[in-house]
Amino acid sequence: MDRELEKLVTRLVDHHLDDPHFREDVTSPEAEQRLLGERYVEILADLLVKAVSGGGIFKFENVVWLLLSERIATTLNAHHRLSHLLARDPVRYGRIKRLVLASLGTRHRLANASLRQIFHRTKPGPWTERVFVNPLLAMLCENRLIDSERPDSLYHRPNLRNVFLVKDYGLDPDSFLRLFDVVEQTLRRDYEDLERGRPSVRSLYLQEAFLKDGPPPTAREDWAHRLAHREDVSRYVLFHLTSSDYPRELKRDLTHLARLRELARAYAVVTNDLLVWDFLNALRSLIREVRIEDGTTYLHDVVLSERTVPITLDRENLYNHNRWGTYALFDIIGFSRRTREVLNEYAGLAIQNLFAIRRDRLGEFDGRPESFEGDAVFESFERAIDAVRYVSVFYDHYESQRVIKRRVYDSPMESPFVDGIRVGLGTGESALISIYQGTALDGAPREEFRRIGQVINLTSRLTTGKAGEKYLMGPNPGREPDPLRIFHASIDAEGTLNNSGIVSLESPFQELRYQVRAENLPRYDPEETRDAKSPFQHYAFALIYKDPVIDRMVLIREIPHQPVFKGFENQRVRCFEYLILTEPDYRQLRSRDQSLKLATRAAAGGRPVVQLGGEGTARGRSPAEPGRARG
């Protein structure tokens, strides 16, 4: 696009320089068809379509317009023939710039109009109208300073004479600069009078309306310069000048009311354009061009964080929506049923209290709230270990909300949502899209993020189960023995997963195992050595580790057999269950396991005991109370 823009600008400027009477036809129907066929318009239209479809919620189309305005200003100011004309004939220089900018503006509107045909081929709605009009594009076409002047700032007092060459304000630059000096110096004098304790009626009003706290200490030199750009301030000052404030060159204009009104209106148009120019320059300065080498992003020679995701205007995909992460889905058991039964303020309070954890603790683990729809809560994390940590914190908070008060002086009441929580964890690649979600309070269309991907679809299948069955493995010891009844997930003969705890796919488990090793956490991992001795006699765990961040023991076992999920019948799905315990609970579980060993050995007459948790069967199984394992 840069190449096509440079060729187009050079061609237009050369036409105007070679022929003083040249005027490009940009209004006729034939001209529209000709311009739509230009390579520059085609490239820009394609880029805008990618920007809107690829990053609608980020407003990437505005990034395109800001970058384009910088390229136009650079190209125009770099044209050596045009630059030489400025000193010889500034009037013609300004006229050529205005005509070139008008031609570019027409092309930009046509390229932007292609969005309307693509996204809505019939009668446009509010969303397509917003895209079609594009407030930033309209602002750039109206205020041509951003496309013609070099980046500068109000604080540096730019050369305003060039400003009047590209737009007709009905006011010459000398008169404007004199008026500006009058407003600025009047503000300074009035503030000095206030500081000396000799205020006038005008200075008292200025203080009350605009200078209640005085100028900022760090901006005492240029505060009056900036304040003089405000329309309300300048109008008040200009209409309340005294005879001592009039400069000799403007005395006749300032004392004639009709002429003063014209000057005040023209002055406000110039200062508003300058303020918009300053604002757009500030926006443009926020955009940084980076380079990508071997998958690493550099700003100049500084390596940027891996979280930096650049938009690549010269590639097929403008913005890489794909993200690798771990996704946690929480299903509140019986949520839909209970909300139907208890639709009152107490239910609303219980829900607010339950999900306050998202606001208070989610960011602590680099988590992002994705959605809460129906009875499912969806969060995403960059690391699997942080997802498990948040799950533990979520469970602690859930337990604390089993009994709440409606008001301070009320008796405690049980929360309607105490049947339990199912959690599914999955790690993989997903895409982030934005979709229309209704209208905001100001009437503007509201768009929200949605994360999509097969891993999310598969993870959602892990949050299934039969309501009311907390310990699902005990009744079927021959298939998946659980003598202490600590597990909360099972797979029946038909391949249906019943989960009332925490179950993950294989991907988060493998990533978690790597992260536990990388952080060198205290652990038992049978993969690390063949001679690893399990802390348990009757259970085969794939990984046990202590997490000091949450002060919990995490026990993970692979669920024997594999579930069958609708839509994934031909896919091999390995599932893992997580138990998250306090250290005292973990020690108690080991003690109970040891006691069970002695009991079963005595019942078996000293014969060896088959290790449970795999395909084996328990001999002499003794009834035991359920442990306090969460999951």
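Would you mind showing me how to read the overall build of the chain here?
A count of helices and strands for the chain gives 23 helices and 17 strands. In the chain, which comprises 631 residues, the proportion classed as buried is 48%. In the chain, of all internal contacts separated by at least 6 residues, the share reaching a separation of at least 24 is 69%. For the chain, the exposed surface amounts to about 32,400 Å²; the carbon and sulfur share of it is 50%.

Quick question: what am I supposed to make of the pairing of strand β4 (residues 322–332) here?
On a regular strand, one side chain projects to one face of the sheet and the next to the other, so that they alternate. Most of β4 is tucked away, with eight of its eleven residues classed as buried. In this sheet, strand β6 (residues 376–381) lies alongside β4 in antiparallel orientation, the contact comprising six bridges. Along β6, the bridge assignment pairs Y327 with S380.

Would you mind going over the sheet that holds strand β3 (residues 302–303) with me for this structure?
What links the strands of a sheet is backbone hydrogen bonding, and the strands pair in either a parallel or an antiparallel sense. Strand order in the open sheet made by the three strands is β1-β2-β3, with antiparallel pairing throughout. Every other strand in the sheet has two partners, leaving β1 (291–293) and β3 as the edge strands with one partner each. Bridge analysis of strand β2 (residues 296–299) against β3 gives two bridges, and the strand direction is antiparallel. Considered in β3, the bridge of Y298 is made with V303.

What's the story with the pattern of salt bridges in this structure? I'm lost.
Side-chain pairing between opposite charges can occur once the charged atoms of the two side chains come close. The full count for this structure, using the stated rule, is 40 salt bridges. Note that E184 is salt-bridged to R188, the shortest N-O span being 3.5 Å. One end of the pair, E184, and the other, R188, are both in helix α11 (residues 173–196), four residues apart, so they sit about a helical turn from each other. The closest approach of N and O atoms between D331 and R422, which form a salt bridge, is 3.0 Å. With D331 in strand β4 and R422 in strand β9 (residues 421–439), this residue pair connects regions lying 91 residues apart in the sequence. Each of R513, R517, R523, D525, E527 and E528 takes part in one network of salt bridges that share partners.

I would appreciate a short explanation of the pairing of strand β15 (residues 543–547) in the present structure.
Most of β15 is tucked away, with four of its five residues classed as buried. Of the strand pairs in this sheet, strand β14 (residues 523–524) and β15 are connected by two bridges, and their pairing is antiparallel. When the bridges of β15 are listed, Y524 appears paired with I544. Summarising the sheet, β15 and strand β16 (residues 552–558) pair through five bridges and their orientation is antiparallel. Among the inter-strand pairings, Y545 is bridged to a residue of β16, identified as V554.

What is the right way to read unusual backbone geometry from this model?
Excluding glycine, most residues fall at negative phi; most peptide bonds, likewise, are trans. Of note in this structure, D366 is not a glycine but carries a positive phi near 55°. Residue placement: D366 occurs in the loop between α19 (356–361) and β5 (367–373). Here D366 falls in the partly exposed class, since its relative accessible area comes to 38%. In this structure, R485 takes a positive phi of about 55° despite not being glycine. As for its position among the elements, R485 is in the loop between α21 (454–460) and β11 (489–491). Overall, the relative accessible area of 31% leaves R485 in the partly exposed class.

Please clarify how helix α22 (residues 506–518) should be interpreted in this entry.
For the α-helix, the turn length of 3.6 residues means that residues three or four positions removed from each other point alike. Relative to the 18 Å expected for 13 residues at 1.5 Å per residue, α22 spans 19 Å between its end C-alpha atoms, a close match to the ideal helical length. Buried within α22 we find P508, F509, E511, L512, R513, Q515 and V516. A positive backbone phi angle near 55° is found at N520, which sits one or two residues after α22.

Please explain helix α20 (residues 384–400) as it appears in this structure.
With 17 residues, α20 extends 25 Å from end C-alpha to end C-alpha; this agrees with the ideal 24 Å at 1.5 Å per step. Here α20 lies mainly inside the structure; 14 of its 17 residues are buried.

It is not clear to me how the nonpolar core should be interpreted in this structure. Could you clarify?
Among the nonpolar cores identified, the biggest contains 78 residues, and F176, L187 and L274 are the most heavily contacted of them. For L274, the contacting residues outside a window of four places in its chain are L145, L154, L160, V163, F176 and H229. In terms of nonpolar packing, the next biggest core, distinct from the first, is built from 37 residues, F365, F394, I421 and L521 among them.

Honestly, the packing of helix α1 (residues 2–18) against helix α5 (residues 80–88) in this entry has me stumped. Any pointers?
Packed helices, taken two at a time, are described by the angle between their axes plus the distance between the axes. Two elements in contact, α1 and α5, have axes whose closest approach is 10 Å; the angle formed by their N-to-C orientations is 45°. Between α1 and α5, the angle falls in the class oblique. Crossing angle aside, the handedness with which α1 passes α5 is left-handed. Side by side, α1 and α5 meet where V13, D14, L17 and D18 of the first sit next to R81, L82 and L85 of the second.

It is not clear to me how the environment of V455 should be interpreted in this structure. Could you clarify?
Within the secondary structure, V455 sits in helix α21. Excluding residues within four positions of it along the chain, V455 makes contact with Y327, G426, T427, G428, E429 and L505.

Where do I start with the confidence of the model for the chain in this structure?
Keep in mind that low pLDDT regions are not for reading the predicted coordinates in detail. Per-residue pLDDT for the chain has a mean of 79; in total, 79% of the residues score no lower than 70. Note on residues 467–479: pLDDT is under 50 here. Beyond four places in sequence and across chains, it has 34 contacts. Taken as a whole, residues 607–631 scores under 50 in pLDDT and shows 76 contacts with residues more than four places along the chain or in a different chain.

Where do I start with the environment of L304 in this structure?
By the secondary structure assignment, L304 is in the loop between β3 and β4. Taking the C-alpha atoms as reference points, L304 and V290, 14 residues apart in sequence, are found 9.3 Å from one another. With near-sequence residues (within four places) excluded, L304 lies in contact with V290, T297, Y298 and L299.

Got a minute to help me understand the packing of aromatic side chains in this structure?
Aromatic rings in a pair are described by how distant their centres are and how their planes are angled relative to each other. Summed over all chains, the structure comprises 20 aromatic pairs. Summarising the aromatic geometry, the rings of F381 and Y390 are spaced 5.5 Å apart at their centres and angled 45° between planes, so their arrangement reads as tilted. Overall, F381 belongs to the buried group, its relative accessible area being 3%. Where F487 meets Y539, the ring centres are 5.4 Å apart and the plane angle is 90°; that geometry is what we call edge-to-face. In this pair, F487 is assigned in the loop between α21 and β11 and Y539 in the loop between β14 and β15, connecting sequence segments 52 residues apart. Like F487, the residue Y539 is buried in the burial classification.

Teacher, can you tell me more about a nonpolar patch on the surface here?
Side chains of I433, I435 and I452 sit close together on the surface and give an oily, nonpolar patch of about 210 Å² of accessible area. Within the element layout of this structure, I433 appears in strand β9.

About the thresholds
Residues numbered from 1 in each chain as written. Predicted model: local features only at pLDDT ≥ 70, side-chain atom pairs only at ≥ 80, totals over all residues. Heavy atoms only, no water. Helix = DSSP H or I, 4+ residues; strand = E, 2+ residues; numbered from the N terminus. Buried < 20%, exposed > 50% of the residue type's maximum accessible area, 1.4 Å probe, protein only. Contact = heavy atoms within 4.5 Å. Areas by Shrake-Rupley, 256 points an atom, 1.4 Å probe, with all protein chains shown as cover. Pairing = 2+ DSSP bridges. Salt bridge = Lys/Arg side-chain N within 4 Å of Asp/Glu carboxyl O. Expected span 1.5 Å × (residues − 1). Core = buried A, V, L, I, M, F, W, Y, C linked by side-chain atoms within 4.5 Å. Axes fitted to C-alpha atoms, helices over the stretch in contact; angles between N-to-C directions. Parallel < 35°, antiparallel > 145°, perpendicular 65-115°, else oblique. Left-handed = near helix turned anticlockwise from the far one by under 90°. pLDDT = per-residue confidence, 0-100. Phe/Tyr/Trp six-rings, centres within 6.5 Å; stacked < 30°, edge-to-face > 60°. Patch = residues over 30% accessible without salt bridge, like charges linked within 9 Å, V, L, I, M, F, W, Y side chains within 5 Å.

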